[in-house]
Structures are given as structure tokens and as C-alpha cells.
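Examination of the molecular architecture
For reference, the chains in residue letters:
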Amino acid sequence: MWRYTYCRFGSKLMINFPKATYDDRIKFMSHFPQGEDLALQLLKGHLLVEEVMRELFMLQLPNPQALSGNKGTSLNCHQVICLVEAITPKSNNISWVWVASKKLNNIRNDLAHKLKPNGLNEKVLDLVKFVKSKSPEIDKLANTAGFTQQSDLFIVVMVICSCLSSLKAVLNNSNAP
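Owing to the predicted nature of the structure, the values given are computational and were not obtained by experimental measurement. (Residues numbered from 1 in each chain as written. Predicted model: local features only at pLDDT ≥ 70, side-chain atom pairs only at ≥ 80, totals over all residues. Heavy atoms only, no water.)

1. A short note on the overall build of the protein chain
In terms of regular secondary structure, the protein chain is built from seven helices and two strands. Going residue by residue from the N terminus, the α and β elements of the protein chain occur as β-β-α-α-α-α-α-α-α. Here the analysis covers contacts within the protein chain between residues at least 6 apart in sequence; of these, 69% occur between residues at least 24 apart. Accessible area of the protein chain: about 9800 Å², with a carbon and sulfur share of 53%. (Helix = DSSP H or I, 4+ residues; strand = E, 2+ residues; numbered from the N terminus. Contact = heavy atoms within 4.5 Å. Areas by Shrake-Rupley, 256 points an atom, 1.4 Å probe, with all protein chains shown as cover.)

Next up, the structure:
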């Protein structure tokens, strides 16, 4: 089974899956419906990315409780992605992850708000092509691990999640006393 993935920080290969949080790895592996219907993969994949994104957001706030509860606020996923991108230190060199997350969010919104979303397969292929263009090693690692082209969405969502989880681990370590 796929044991690790990576993202880039500039020219440097960044934290692989073993350094991403264990809970995030288990959550991904147990909730992503590999081999299932495309719509279900997109919805679950989006939820997995959104959860890590919201954790990244809350992790960086000095008083995250102010946003919770009856007197808090509700932010949509796109707003959270934009805010996390804006406030996250050490993330300038992984701008592709924000773009990929926004692309996935747009696909999910089409799926959630339209009975028959136009160009769904093309949008998924665009997302896959975009992420692979930013991390060309994905194909080589996927082939070595025995993945086929039918696993592209699984691999792309895993790369996004593991990159965000790795970033979360970096921020957690930098916030440690």
C-alpha cells in the first residue's frame, strides 16, 4: 500500500506521509472511498481536505474560541482556504496546494448545487493534471506502488491532504514551547 507522499517547499522535498499527523493519515485511509463512484470520492475527498484546512486555520488563531458557538461565525470552505493561505507562514512555496484546494472546492460546489454538473470529468482531469504538473514525481511513485490511472483522484486528494497535514505538523512543532 502507498506509504508516503510529499509536497515541495521550494526546491526541497517536504515532510512525507510518516511525518504528517498519524490521525490524519488514518482518517484519510479509512474515509476516502477508493474505487467508488466519482461523486462520492469527490464529496469525501473535499470533506477530508476541508477538515484539515479548518484545523490549520484554528491552529493559527490566538483565540479560536471566538469563532465558535452561538456568537461565532460561519465561514465557507473557500473563505477558509483563502484565510489559511493568507495567514500561514512557511507556505509561499506551496501555492499549488491552495489552488488545488480551491479547484476541488469548486468541483464539490458544482456537485452539491447542480443535479447534472457540466464538465465534471473535465474538471477532475484538470485538477489531476494541475497537481501532477506541480509534483511530477507522483506518476513515478504511483506506478511503482501499482496504482493505475483510475486511482488518480485518490492520489491527488491524498497528496493535498498529506501536504496540509504536514504543514499542520510543522506549525504544531513551531508552536510547541
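Structure's up, so let's keep going.
2. Structural notes on helix α5 (residues 120-134)
Along its 15 residues, α5 runs 22 Å from first to last C-alpha, staying within 8% of the 21 Å computed at 1.5 Å per residue. If you check which residues of α5 are buried, you get L120, V124, L127, V128, F130, V131 and K132. (Expected span 1.5 Å × (residues − 1). Buried < 20%, exposed > 50% of the residue type's maximum accessible area, 1.4 Å probe, protein only.)

3. Considerations on the pattern of salt bridges
Using the criterion set out here, one finds seven salt bridges in the structure. Two residues, K103 and D126, come together in a salt bridge whose shortest N-O distance is 2.6 Å. Placement of the pair is K103 in helix α4 (residues 95-113) and D126 in helix α5, with a sequence separation of 23 residues. Relative accessible area serves as the criterion here: at 37%, D126 is assigned to the partly exposed category. Between K114 and D110 there is a salt bridge; the shortest N-O distance is 3.4 Å. Each of D110, K114 and K123 takes part in one network of salt bridges that share partners. (Salt bridge = Lys/Arg side-chain N within 4 Å of Asp/Glu carboxyl O.)

4. As for the side chain of S101
Summarising the element assignment, S101 is placed in helix α4. Residue classification places S101 among the buried positions, given a relative accessible area of 2%. Only 2.8 Å separates the side chain of S101 from the backbone oxygen of V97, close enough to count as a polar contact. Once residues within four sequence positions are removed from consideration, S101 is found in contact with V49, M53, I81, I160 and L164. (Polar contact = N/O pair within 3.5 Å; in protein donor to acceptor, adjacent residues only side chain to side chain.)

5. Let's talk about the packing of helix α3 (residues 77-87) against α4
Axis separation between α3 and α4 bottoms out at 10 Å; the angle between their running directions is 175°. It follows that α3 is roughly antiparallel to α4 by the angle criterion. Here C77, H78, I81, C82, V84 and E85 of α3 come into contact with α4, specifically with W98, S101, K102 and N105. Taken together, the residues that form the contact of α3 with α4 break down as five nonpolar, three polar and two charged. (Axes fitted to C-alpha atoms, helices over the stretch in contact; angles between N-to-C directions. Parallel < 35°, antiparallel > 145°, perpendicular 65-115°, else oblique. Nonpolar A, V, L, I, M, F, W, Y, C, P; charged D, E, K, R; others polar.)

6. A closer look at the packing of α4 against α5
It is at 10 Å that the axes of α4 and α5 come closest, and there the two elements cross at 170°. Taken together, the axis directions place α4 and α5 in an arrangement best described as roughly antiparallel. Taking contact as the criterion, the partners of W96, V99, A100, K103, L104, I107, D110 and L111 in α4 are, on α5, L120, K123, V124, D126, L127, F130, V131 and K134.

7. Brief notes about the nonpolar core
Formed by 42 residues in total, the largest nonpolar core has its most connected members in W96, V131, I160 and L164. Within the residue set of this core, elements represented by two or more residues are α2 (38-59), α3, α4, α5, α6 (137-144) and α7 (152-175). At 13 residues, the largest contribution of residues to this core is made by α7. Those residues within four positions of L164 in sequence are excluded, and the remaining contacts are V49, V52, M53, L56, V97, W98 and S101. (Core = buried A, V, L, I, M, F, W, Y, C linked by side-chain atoms within 4.5 Å.)

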